[in-house]
There are 2 protein chains.
Amino acid sequence: MCDRRRVLVDRVRPTVDGGARPAKAAAGQALEVSADLVCDGADVLAATVRLRPAPSGRSGRRRASRALEAAMVDVAPGLDRWAAVVTPSTTGAWEFEIAALADPYATWLRDLQRRSGAGEDLAVELEVGAAIVAARQAATRDARALRALSLVLRDSGMAQDQRAAAAAAPGALALLRRTIDWSGATVAGPFPLAADRPLAAFSAWYEFFPRSAGARPPHRSGTLVAAAADLPRIAAMGFDVVYLPPIHPIGETGRRGRNNSPDPEADDPGSPWAIGDRSGGHTAVHPDLGTLDDFDAFVSAAAGCGLEVALDLALQCSPDHPWVEQHPSWFRRLPDGTIRTAENPPKRYQDIYPLDFDTPEREALERTILEAVLFWVGHGVRVFRVDNPHTKPLRFWPWLIDAVQARHPDVLFLAEAFTRPRVMERLAKGGFTQSYTYFTWRTSKWELSEYLDQLAHTEMVDWFRPNFWVNTPDILNEYLQRGGPPAFRVRAVLAALTCPSWGMYSGYELCENVALRAGSEEYLDSEKYQYRPRKYHAPTSIAPLLTRLNEIRRRHRDALGQLRTLRLHHVDGDQ
Amino acid sequence: MCDRRRVLVDRVRPTVDGGARPAKAAAGQALEVSADLVCDGADVLAATVRLRPAPSGRSGRRRASRALEAAMVDVAPGLDRWAAVVTPSTTGAWEFEIAALADPYATWLRDLQRRSGAGEDLAVELEVGAAIVAARQAATRDARALRALSLVLRDSGMAQDQRAAAAAAPGALALLRRTIDWSGATVAGPFPLAADRPLAAFSAWYEFFPRSAGARPPHRSGTLVAAAADLPRIAAMGFDVVYLPPIHPIGETGRRGRNNSPDPEADDPGSPWAIGDRSGGHTAVHPDLGTLDDFDAFVSAAAGCGLEVALDLALQCSPDHPWVEQHPSWFRRLPDGTIRTAENPPKRYQDIYPLDFDTPEREALERTILEAVLFWVGHGVRVFRVDNPHTKPLRFWPWLIDAVQARHPDVLFLAEAFTRPRVMERLAKGGFTQSYTYFTWRTSKWELSEYLDQLAHTEMVDWFRPNFWVNTPDILNEYLQRGGPPAFRVRAVLAALTCPSWGMYSGYELCENVALRAGSEEYLDSEKYQYRPRKYHAPTSIAPLLTRLNEIRRRHRDALGQLRTLRLHHVDGDQ
């Protein structure tokens with residue numbers, strides 16, 4: 001004999017791979033849960049969404065987390081699509097399930113009204129309805145109400161249409177909805193949700209190199225102390241997050257000079273992504289920038305301005321990183337005994353050794369990385385921008401992110417993966433809170449419309465939170481190079497007002513647009529290889545526009561956050 | 001520590017609900033298996049599809065079923081979509097799995113060629129390649145070849161570019177592909193496939209009422225013997241299947257007269273869908289049509305013409321059906337003790353009692369239905385057209401179809417469900433071999449293009465096999481009513497040449513197009529309620545066109561069957 005549950009539940013959303021990983025949600029933000037509910041025949045269905053904190057998850061504030069239930073409604077008649085809106089109250093792991101059944105009372109009532117409309121005698125049908133009502137189980141007060149209603153339906157002293165009206169009265173409908181016996185329902189789920197804190201769903205990022213703050217090129221580096229003094233300016237523009245490229249010691253072996261020259265001058269500071277020297281690696285602060293105490297003070301100063309600090313998580317080492325001596329097996333060696341440097345044949349990056357995740361000591365490597373992340377969490381960092389996550393095993397990230405968020409559900413991860421769409425998908429599904437996007441290279445109206453439609457109106461919203469960056473230290477795109485200040489204004493408007501999260505790298509406000517050479521997206525005199533102190537208060541700065549954009553964003557926060565991305569027609573752009 | 005398998009396998013096709021039910025295939029027909037294969041970094045992947053008979057399934061001819069393997073190729077570079085073509089050799093249950101890994105040799109070779117192109121010294125890299133080759137495990141002959149290749153790569157007496165060429169020689173590539181160690185591969189599956197016999201994927205159906213064959217209205221019914229004499233005419237038009245409306249005894253209680261009149265004349269034969277009288281029900285032959293022996297002779301005569309007989313499976317009863325007395329609990333009763341007739345309030349069908357699948361004796365009901373199907377299978381029937389399957393529980397059909405096909409994998413089921421798309425989807429996913437469609441109501445070019453695109457170029461091909469019917473005894477659509485013979489020609493061309501399976505109800509060749517009344521799709525003097533003998537050899541018959549269409553279909557069988565539906569631009573239609 002086959003299963004008796006009549007409703008089939010399909011295409012449940014939001015989900016990731018049928019529930020294999022959590023879909024994205026945000027604490028306090030309304031979330032639409034939907035599904036195909038398919039039943040034989042023509043019965044009226046009843047369906048409900050049940051949301052509750054995940055039993056094994058740690059919610060931020062457990063006491064404030066509460067289970068809740070919402071009735072689903074048929075949102076696409078004829079297409080069997082049902083939906084309800086629920087709101088997880090706190091940050092952390094949640095889950096939902098969907099229960100659905102054919103509702104005998106609602107079906108009977110609809111048919112009764114059709115029969116009544118056709119002028120049929122309703123005597124037998126009212127008796128049928130009375131039996132349905134009388135069979136309902138309920139606690140004392142509802143039980144009395146059910147008994148009373150069934151007596152009314154059977155009361156041959158009352159006119160049939162009066163009894164039919166009693167069956168359809170709001171109180172009767174609520175009573176019969178409340179007392180549905182869900183034991184015969186099809187239950188789908190539970191499906192996991194990760195309810196991030198609100199910043200995950202709505203954020204404005206500002207990236208800058210602290211070593212340029214107060215620097216005196218070519219000799220003297222800027223410091224975290226000087227950088228802290230710049231925070232009020234950034235906060236005044238309305239940004240939420242200040243993201244710092246790696247702040248760790250920088251190796252000397254293979255160091256790159258200005259404009260990525262393989263022959264550095266003595267004073268060239270090297271790329272911050274060539275992490276580590278004998279003084280320390282991923283848990284150390286570059287001595288030129290200051291001390292760990294200076295970093296703690298910087299985080300406090302940021303918090304004082306309403307800013308959060310995001311650190312760069314770049315899982316690679318300079319040849320001088322302590323791990324190279326301490327853990328020789330974490331690096332892949334060539335037959336000649338040397339370590340293979342990072343490369344994209346025939347290009348080589350002599351200042352960087354990749355970590356070998358195929359090492360037999362992978363468990364120790366992964367644990368050490370987790371500890372490094374937790375180290376910075378211990379110093380007040382709750383946001384990480386992950387460098388090139390797509391060059392590390394895809395299964396590593398869910399492991400790392402889950403391990404961190406199980407302890408600290410408020411920690412957010414931004415994936416810096418400019419790569420193929422399916423790889424970006426796997427990273428986002430694997431747990432990255434936000435992702436860099438192709439926005440930078442979408443410049444014509446049709447490209448932007450198509451891309452925004454894809455981001456905002458497909459299943460991607462279940463797992464992919466775009467963060468639109470107008471520039472990065474690696475990407476000064478052709479549109480900005482050619483278009484000058486008007487192009488900078490256009491791109492800032494588009495990023496800030498079409499995407500719930502956006503970001504810029506400092507210098508953008510000054511419309512810096514000189515590329516290394518024609519056809520390159522690299523900056524001339526890139527800050528990756530030298531100090532670049534700036535005169536931010538120049539009269540040509542577009543900071544007033546950025547301030548205004550972040551103000552508009554805050555005013556329309558609900559719209560931007562709810563849709564996740566706004567449709568392009570909300571913007572009166574000049575493209 | 002996280003899972004070390006680097007490749008993630010996603011969006012595998014063909015599948016139904018991630019493998020919960022078998023996807024559709026046909027014995028001897030090439031099938032494309034595809035998936036997203038997503039890996040970190042930039043390694044070259046190797047992937048394979050493994051197809052084998054399902055361990056628990058019964059294949060039609062077990063000895064001819066063989067496992068096979070096919071290498072997948074990247075069919076959408078940049079989109080990480082891979083595919084291979086496999087062909088299940090026999091009818092029955094099959095399954096496939098996908099294995100994928102990063103291929104160190106292929107990755108090394110690609111990088112070697114890039115380095116060589118950049119004029120780099122290859123000494124160390126050739127050593128790396130030699131080590132990869134030397135580490136491969138293989139049986140004697142391949143082991144010798146691997147040893148020889150690794151020696152060549154290490155032979156410093158040979159020029160580097162000569163050694164690089166040896167690494168890329170076809171023999172070397174085949175050897176290294178053949179000796180891949182799949183133990184580290186990601187394996188997805190197994191995913192079930194139902195390999196139907198070829199008729200499932202390519203068929204032309206002809207429906208007729210045997211009681212009209214040789215009938216003398218209003219008194220005398222036609223017979224199976226007379227109907228058998230008509231089979232050569234049908235076969236000559238090139239049809240594969242003759243489908244008969246129910247051939248069982250017809251009830252008298254509630255019988256409908258001509259044009260569905262509630263007041264039948266004494267001679268009115270009633271609707272064949274009002275199944276059963278005291279002489280028998282679903283396993284009996286209507287005495288007017290003949291005997292069970294006559295039916296057996298009809299099936300043999302059909303086979304002699306190359307035709308298969310399809311029976312109607314209509315799970316409902318006339319009030320006079322033996323089950324009404326034998327199994328009173330199989331029918332739902334009203335409070336007044338009467339059985340509720342079929343209805344779509346306020347419409348009632350007094351000649352039909354629906355079966356109540358919520359009966360406590362559901363197991364006995366379901367077993368009895370299974371036995372009725374197997375009864376007709378025992379009389380040579382291998383094709384069933386199922387009447388209104390969407391009014392029976394959706395989970396009943398997978399149970400019934402699996403139970404029948406486990407014994408007889410060659411049995412096919414056509415779902416007559418003209419209902420909402422999601423319900424039709426669930427029926428098809430549940431196991432129906434073919435499905436009626438919305439074709440009848442898609443008459444403009446854009447409607448047809450859009451519908452054919454959906455049927456042929458979406459995931460629907462994994463589970464939905466459309467059968468385009470130009471008319472049925474219930475559906476004489478407006479286009480035919482108004483368009484006359486040219487419309488009949490157009491619709492036949494469209495159905496026959498855009499869909500692998502098509503069908504017509506007799507009378508179509510005579511362009512019968514008089515409706516019951518304006519706005520109705522019912523025929524005037526519908527054959528559902530009376531005998532309709534026809535003069536098929538009328539000079540106005542479009543039988544020659546139908547014959548020609550079925551000839552063209554056979555010639556283009558591969559194209560039609562492979563695409564499942566042809567794109568509309570293959571047809572030089574006159575719409």
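What you are looking at is a predicted structure, and each value in this text was computed from that prediction instead of being measured. (Residues numbered from 1 in each chain as written. Chains lettered and ligands numbered in written order. Predicted model: local features only at pLDDT ≥ 70, side-chain atom pairs only at ≥ 80, totals over all residues. Heavy atoms only, no water.)

**Some details on the confidence of the model for chain A**
- Confidence along chain A averages 94 in pLDDT terms, with 95% of residues attaining 70 or more.
- With a pTM of 0.93, the predicted complex shows an ipTM of 0.93. (pLDDT = per-residue confidence, 0-100.)

**Some thoughts on the sheet that holds strand β1 (residues 8-13) of chain B**
- If you trace the 4 strands from one edge of the open sheet to the other, you get β1-β3-β7-β6 (chain B), paired in antiparallel fashion. In this open sheet, the two strands that pair with only one neighbour each are β1 and β6 (73-76) of chain B. On average, adjacent strands in this sheet sit at an angle of 40° to one another, irrespective of strand direction.
- Note: β1 of chain B against strand β3 (residues 31-38) of chain B, 4 bridges, orientation antiparallel. Looking at β3 of chain B, one finds that D10 of chain B is bridged to D36 of chain B.
- Across the sheet, helix α12 (residues 421-429) of chain A touches β1 and β3 of chain B, and the angle it forms with β1 of chain B is around 110°. (Pairing = 2+ DSSP bridges. Helix = DSSP H or I, 4+ residues; strand = E, 2+ residues; numbered from the N terminus. Axes fitted to C-alpha atoms, helices over the stretch in contact; angles between N-to-C directions. Contact = heavy atoms within 4.5 Å.)

**What to know about the sheet that holds strand β17 (residues 383-387) of chain B**
Residue and element names in this part refer to chain B.
- Taken in spatial order, the 8 strands close into a barrel running β10-β11-β12-β17-β18-β19-β20-β21, and their pairing is parallel. Each strand axis lies, on average, 25° off the axis of its neighbour in the sheet, ignoring direction.
- Bridge analysis of strand β11 (residues 241-244) against strand β12 (residues 308-313) gives 4 bridges, and the strand direction is parallel. In the sheet register, V242 faces β12, and the bridge partner there is V309.
- Across the sheet, helix α12 (residues 396-407) is in contact with β12, β17 and β18 (412-416); its angle to β18 comes to roughly 160°.

**A word on the interface of chain A and chain B**
- Taken together, the 61 residues of chain A in the interface contact 61 residues of chain B.
- Summed over both partners, the interface of chain A with chain B comes to about 5,200 Å²; 51% of that surface belongs to carbon and sulfur atoms.
- Connecting chain A to chain B are 18 salt bridges.
- Between R426 of chain B and D10 of chain A there is a salt bridge, with the nearest N and O atoms lying 2.7 Å from each other.
- Viewed at the interface, chain B and chain A are joined by 22 residue pairs in polar contact (both at pLDDT 80 or more).
- Looking at the side of chain A that touches chain B, the elements with two or more residues in it are β1 (8-13), β3 (31-38), α1 (104-117), α2 (123-135), β14 (342-344), α10 (362-378), α11 (396-407) and α12 of chain A.
- Here the element with the most residues in the side of chain A that touches chain B is α12 of chain A; it accounts for 6 residues.
- Looking at the side of chain A that touches chain B residue by residue, the class counts come to 22 nonpolar, 7 polar and 32 charged. (Buried area = accessible area lost by both parts, 1.4 Å probe. Salt bridge = Lys/Arg side-chain N within 4 Å of Asp/Glu carboxyl O. Polar contact = N/O pair within 3.5 Å; in protein donor to acceptor, adjacent residues only side chain to side chain. Nonpolar A, V, L, I, M, F, W, Y, C, P; charged D, E, K, R; others polar.)

**As for the pattern of salt bridges**
- Per the counting criterion, the structure on display carries 100 salt bridges over all chains.
- One salt bridge in this structure joins D17 of chain A and R426 of chain A, with 2.9 Å as the shortest N-O distance. Here D17 of chain A, found in the loop between β1 and β2 (23-26), pairs with R426 of chain A, found in helix α12; they are 409 residues apart in sequence, far enough to count as distant.
- For D17 of chain A, a relative accessible area of 30% puts it in the partly exposed group.
- By relative accessible area, R426 of chain A is classed as buried at 12%.
- In this structure, D312 of chain B and R385 of chain B form a salt bridge, with 3.0 Å as the shortest nitrogen-oxygen distance. You can see D312 of chain B sitting in strand β12 and its partner R385 of chain B sitting in strand β17, a full 73 residues away along the chain.
- On the accessibility criterion, D312 of chain B (5% relative accessible area) is buried.
- Taking relative accessible area as the criterion, R385 of chain B reaches 4% and is therefore assigned buried.
- Beyond isolated ion pairs, a larger network of salt bridges with shared partners links D10, R11, D36 and R81 of chain A together with D17, R422, E425, R426, K429 and E459 of chain B. (Buried < 20%, exposed > 50% of the residue type's maximum accessible area, 1.4 Å probe, protein only.)

**As for the pairing of β18 of chain B**
Residues and elements named next belong to chain B.
- Burial runs high along β18: 5 of the 5 residues are buried.
- Every second residue of β18 is oriented toward a common face, with L412, L414 and E416 on one face and F413 and A415 on the other, all of them buried.
- Relative to β18, β17 is paired through 5 bridges, and the arrangement is parallel. Directly across from D387, in β18, lies its bridge partner E416.
- For the handedness criterion, the β-α-β arrangement of β17, α12 and β18 is classed as right-handed.
- The sheet contact formed by β18 and strand β19 (residues 434-436) spans 2 bridges and is parallel. Bridge assignment links L414 to a residue of β19, and that residue is Q434. (Right-handed = clockwise from strand over helix to strand, strands pointing away.)

**Some points on the environment of L374 of chain B**
- Summarising the element assignment, L374 of chain B is placed in helix α11 (residues 362-378).
- Excluding residues within four positions of it along the chain, L374 of chain B makes contact with V404, R407 and H408 of chain B.

**Re the pairing of strand β12 (residues 308-313) of chain A**
All names here are of chain A.
- Burial analysis of β12 places 5 of its 6 residues in the buried class, the great majority of the element.
- Crossover strand β11 (residues 241-244) to β12 through helix α8 (residues 292-304) is right-handed.
- Across 4 bridges, β12 lies against strand β17 (residues 383-387) in parallel orientation. Counterpart to D312 in the pairing with β17 is R385.

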